[in-house]
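Chains, contacts and geometry: an overview
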Amino acid sequence: MTEEALPTIDFQQSISTMFGTPFVSVDWPDVEEMNQQIYDLVAAEEQSDDQGRGIRSNAGGWQSRGNLLMRSDPCIVRLKQMMETTIFELLGALVRKDGSERTFTLLFDSWANVCRNGNYNVVHSHPNAMYSIVYYVSSGEPDESIPYSGMLELLDPREATTFIQVTNTILDARMFITNRPGRMVVFPSWVKHMVHPFVGNGVRISIACNVNVVEEVRTSRPQDFEVAKSSRR
Ligand SMILES: [Fe+2]
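What this report covers is the structure whose coordinates are included nearby. (Residues numbered from 1 in each chain as written. Predicted model: local features only at pLDDT ≥ 70, side-chain atom pairs only at ≥ 80, totals over all residues.)

Regarding its fold elements, the protein presents 2 helices and 11 strands. Of the regular secondary structure in the protein, the N- to C-terminal order runs β-α-β-β-α-β-β-β-β-β-β-β-β. Seen through its principal axes, the protein has C-alpha atoms that stretch 80 × 60 × 45 Å. The buried share among the 233 residues of the protein stands at 23%. Summarising the internal contacts of the protein: among those between residues at least 6 apart in sequence, 87% fall at separations of at least 24. (Helix = DSSP H or I, 4+ residues; strand = E, 2+ residues; numbered from the N terminus. Buried ≥ 20, exposed ≤ 12 C-beta atoms within 10 Å, placed from the backbone. Contact = placed C-beta atoms within 7 Å.)

Next comes the structure, spelled out in structure tokens:
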């Protein structure tokens, strides 16, 4: 072969990632009043809970019962609208653009998390859900001298990705999220995550939510499916 120059190729059109994991981080504006109302609502719930709930992933702190989004308080109704919009936008970005119209229904379960100095959430995922949302209401006052204080960390489940790789690329296996009031993040519910110990003053409040997406299948009718019935004693 002669040493002719290689043809020019636009490699940006040739490079993509495989096995992608969708992730959304959006900072909602003008949420101060809404966040204050949610803060007051959650504080009142915690005050009136004489069982000291600790039933999910929290180590210390407090987590509310589920179905928070079913409340009719205006601040909660607005938060639910924001979550619905975010999930629908995500679905719009994910579905293949083949010209077909698709209709989705969202099923929510949500709860409040309250962290104070020393509290954290152990590594966990959210079973029986498709997407998980975290919305930050209050950041508290994390001690800036303590690394990771109160930060959410999402963990890449593919352990092999850390074996050999070029560091400091878009493929880094640890993702950290700072609690910023108004910030909403979405990730698949199977992604393991944790909240590092909150060290500081004040109260760190977030609203967590699990979402299941049900698609309306327009081409099929109930009678098109075989129905399996089971009865057990
Ligand atoms: Fe979680």
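Before going further, it helps to spend a moment on the nonpolar core. In terms of nonpolar packing, the biggest core is built from 30 residues, with A112, V114, I133, V134, Y135 and I207 touching the most fellow members. Going through the elements one at a time, α1 (32-48), α2 (74-94), β4 (103-115), β6 (131-142), β9 (183-188) and β11 (200-216) are the ones with two or more residues in this core. (Core = buried A, V, L, I, M, F, W, Y, C linked by C-beta atoms within 7 Å.)

Here α1 crosses α2 at 115°, and the two axes come no closer than 9 Å. Once α1 is placed against α2, the crossing between them reads as left-handed. Contacts between α1 and α2 pair M34, Q37, I38 and L41 from the former with C75, R78 and L79 from the latter. Its residues assigned to classes, the contact of α1 with α2 shows 5 nonpolar, 1 polar and 1 charged. (Axes fitted to C-alpha atoms, helices over the stretch in contact; angles between N-to-C directions. Left-handed = near helix turned anticlockwise from the far one by under 90°. Nonpolar A, V, L, I, M, F, W, Y, C, P; charged D, E, K, R; others polar.)

Looking now at unusual backbone geometry. With a phi angle near 60°, N67 is a residue other than glycine that sits in the positive phi range. With respect to the helices and strands, the residue N67 is situated in the loop between β3 (62-63) and α2. A residue is classified by how many C-beta atoms lie within 10 Å of it, and N67, with 11 of them, is exposed. The backbone phi angle of N128 is positive, close to 60°, even though this residue is not glycine. Along the chain, the position of N128 falls in the loop between β5 (120-124) and β6.

For the rest of this paragraph, the subject is the environment of G202. Assignment of secondary structure puts G202 in strand β11. G202 sits in the partly exposed class, given 14 other C-beta atoms within 10 Å. For the pair G202 and P142, spaced 60 residues apart in sequence, the C-alpha to C-alpha distance is 8.2 Å. The contact partners of G202, leaving out residues within four places of it in the chain, are G140 and E141.

Here we come to the pairing of strand β7 (residues 152-155). Pairing of β7 with strand β8 (residues 174-177) involves 4 bridges; the strand directions are antiparallel. Looking across to β8, one finds that E153 is bridged to F176. (Pairing = 2+ DSSP bridges.)

This next bit is on the sheet that holds strand β1 (residues 24-27). Spatial strand order, β1-β9-β6-β11-β4-β3: 6 strands in an open sheet with antiparallel pairing. The outermost strands of the open sheet, each flanked by one partner alone, are β1 and β3. Two elements, β1 and β9, share 4 bridges in a ladder whose sense is antiparallel. Bridging across to β9, D27 finds its partner in R183. Against the sheet, α1 touches β3, β4, β6 and β11, its axis set at about 90° to β6.

Taking 1.5 Å of rise per residue, 17 residues should cover 24 Å, and α1 covers 24 Å from first to last C-alpha, within 8% of that figure. Residues N35, I38 and V42 constitute the buried set of α1. One side of α1 carries all its buried residues, which in axial view fall inside an arc of 65°. Turned more than 90 degrees off the buried face of α1, the exposed positions are E33, D40, A44, Q47 and S48. (Expected span 1.5 Å × (residues − 1). Arc of directions from axis to C-beta.)

Right, let's talk about the sheet that holds strand β2 (residues 58-59) for a bit. Picture the strands of a sheet paired through backbone hydrogen bonds; they go either parallel or antiparallel. Spatial ordering of the open sheet is given by β2-β5-β10-β7-β8, a layout of 5 strands whose pairing is antiparallel. On the outer flanks of this sheet lie β2 and β8, each paired with one strand and no other. When β5 meets strand β10 (residues 193-195), the two strands line up antiparallel, connected through 2 bridges. The residue of β10 that forms the bridge with N121 is V195.

Before going further, it helps to spend a moment on the environment of V195. On the secondary structure map, V195 appears in strand β10. Between the C-alpha atom of V195 and that of N58, which follows or precedes it by 137 residues, the distance is 8.8 Å. Setting aside its immediate chain neighbours within four residues, V195 contacts C115, Y120, N121, G150 and L152.

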